[in-house]
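# Tertiary structure, described
The residues making up each chain are set out below.
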Amino acid sequence: MNSALGQMLRLCSIITLLALLAACGGNGQTAQQASTGAHPAGGSADKKEASAPRKFKHVMGETEVPAQPQRVVGLYLEDFLSALDVKPVMQTVVGSFTQQYLENYTAGLPKLDTSAMNFEAVLEAKPDLILLGFPDYGAEGKYEKFSKIAPTYVFDDDAADDWRETLRTVGSLLGKSEQAEQLLKRYEEKAAQARKTLEQSIGRETVALIRVHKKGMRLYGGPDGYSGSVLYKDLGLNPPNLVKSIAWTDDGGMKVISSEVLAQLDADHLFLVVDEGRSEQAKELMNSSVWKSIPAVKKGQVHEVTTDVWMTFGLLAYEKKIDDVLQTLAKK
């Protein structure tokens, strides 16, 4: 009697154990499917890096991306690749313009001029993934040519303004979504600390940015755009009345201005960007009576910053912008 009861108990234990093992195995399969399934661009961070190819829809179609690409061409996206610890295999140039702030990441890499695409050079780089930072880079049949070399993903026109979402998308494409989220957290913490420092340093003093460009003087505003988004959103700085009245739009926040308009710029602090080849134009401007009448100029509070950092987008560029602002505006 006791022997029969013992056998029944052992049998029940075995059945229970098998059921538990089956349940654990089922949960493990679901987790694996979740980590390797296709995700829409800009989706939430994965807990595990992808271990199988995934399909991504973009502005020019759908692309199957390798699980963890190793050799990546990222046209005007080298900032994002570098931040995510993926060394690009080429560097973007536009004529003689380069992103010099990325020199530690891109020095010695073959150059690809977006004004004259060299597809043979791309082929020689042997990429396993190509990322195009703007739709124009894939227009007029270029996307099809790139796609014959390697899987190609094309970003839309919002990629520059919404650089955070672009970082998430690049992270997802590279199987590094969790790292992308960590980088964004790092940036937000840096910006929050900088806001506190600047509030204590300059309070509500006004800050503006002027660019000396081949097409004239440009006054940058907000709330979006390369400079306005960091100055007035992330750092909470106070724009002058002129910036708010003429350069505050949803399409980039920039206005070409004349000398007469410049005379109305009541900024306490002024950041100045001088494009390559515009030094003589800048000298002429700074020798003018209009320039000398600007409050920031009178106070000796003009701070020159570089085009490659301030007229671009990407996590590393935006962190450098914050550093530039703190270096010039935070009281020692």
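Please refer to the structure placed before this passage.
So, how was this worked out
- Residues numbered from 1 in each chain as written.
- Predicted model: local features only at pLDDT ≥ 70, side-chain atom pairs only at ≥ 80, totals over all residues.
- Heavy atoms only, no water.
- Helix = DSSP H or I, 4+ residues; strand = E, 2+ residues; numbered from the N terminus.
- Buried < 20%, exposed > 50% of the residue type's maximum accessible area, 1.4 Å probe, protein only.
- Contact = heavy atoms within 4.5 Å.
- Areas by Shrake-Rupley, 256 points an atom, 1.4 Å probe, with all protein chains shown as cover.
- Salt bridge = Lys/Arg side-chain N within 4 Å of Asp/Glu carboxyl O.
- Polar contact = N/O pair within 3.5 Å; in protein donor to acceptor, adjacent residues only side chain to side chain.
- Core = buried A, V, L, I, M, F, W, Y, C linked by side-chain atoms within 4.5 Å.
- Pairing = 2+ DSSP bridges.
- Axes fitted to C-alpha atoms, helices over the stretch in contact; angles between N-to-C directions.

## Some points on the overall build of the protein
Looking only at helices and strands, one finds 15 helices and 14 strands in the protein. A buried classification covers 49% of the 332 residues belonging to the protein. The contacts in the protein between residues at least 6 apart in sequence include a share of 65% that link residues at least 24 apart. Surface summary for the protein: the accessible area is close to 16800 Å², and the carbon and sulfur share equals 51%.

## What to know about the pattern of salt bridges
Proximity of charged atoms lets side chains of opposite charge pair with each other. Per the stated rule, a full pass over the model turns up 11 salt bridges. Arg-211 is paired through a salt bridge with Asp-275; the nearest N and O atoms lie 3.0 Å apart. Pair noted here: Arg-211 is in strand β8 (residues 207-213) and Asp-275 is in the loop between β13 (269-274) and α11 (279-286), with a separation of 64 residues, a long-range link. Taken individually, Arg-211 and Asp-275 each receive the classification buried, so the pair is uniform in this respect.

## Section: the side chain of Arg-211
The class of Arg-211 is buried, set by a relative accessible area of 12%. A polar atom in the side chain of Arg-211 sits 3.0 Å from the side chain of Asp-275. Ignoring sequence-local partners within four residues, the contact set of Arg-211 consists of Gly-216, Met-217, Arg-218, Tyr-220, Val-273, Asp-275, Thr-307 and Met-311.

## So, the nonpolar core
Among the nonpolar cores identified, the biggest contains 92 residues, and Leu-131, Leu-237, Leu-265 and Trp-310 are the most heavily contacted of them. In terms of residue count, helix α7 (residues 177-202) provides more of this core than any other element does, eight residues in total. Setting aside chain neighbours within four positions, we find Trp-310 in contact with Leu-209, Tyr-226, Ser-227, Val-230, Leu-231, Val-273, Val-305, Lys-321, Asp-324 and Val-325.

## Considering the sheet that holds strand β3 (residues 72-75)
Taken in spatial order, the three strands make up an open sheet running β3-β6-β7, and their pairing is parallel. Of all strands in the sheet, those with a lone pairing partner are β3 and β7 (152-154), marking the two edges. Neighbour-to-neighbour, the strand axes of the sheet open up by a mean angle of 10 degrees, direction not taken into account. Pairing of β3 with strand β6 (residues 129-132), which is carried by four bridges, proceeds in the parallel orientation. Within the sheet, the bridge partner assigned to Val-72 lies in β6 and is Leu-129. Taken strand by strand, helix α5 (residues 142-149) contacts β3, β6 and β7, and its axis lies near 145 degrees from that of β7.

## What about the sheet that holds β8?
Read from one edge of the open sheet, five strands run β12-β9-β8-β13-β14, paired in mixed fashion. Each edge of the open sheet carries a strand with a single partner, namely β12 (254-257) and β14 (302-305). Looking at each pair of strands side by side, their axes are set apart by 30 degrees on average, direction ignored. Examined bridge by bridge, β8 and β13 share six bridges and lie parallel to one another. Paired with Val-207 across the strands is His-269, a residue of β13.

## Concerning the environment of Leu-84
If you trace the backbone, Leu-84 turns up in the loop between α2 (78-83) and β4 (91-93). Since its relative accessible area comes to 0%, Leu-84 is described here as buried. Residues Leu-84 and Leu-315 lie 231 residues apart in sequence; the distance between their C-alpha atoms is 9.9 Å. Residues in contact with Leu-84, not counting those within four places in the same chain, are Leu-167, Val-170, Gly-171, Leu-174, Lys-176, Gln-179, Ala-180 and Leu-183.

Scope: geometric values only; no functional claims are made or implied.
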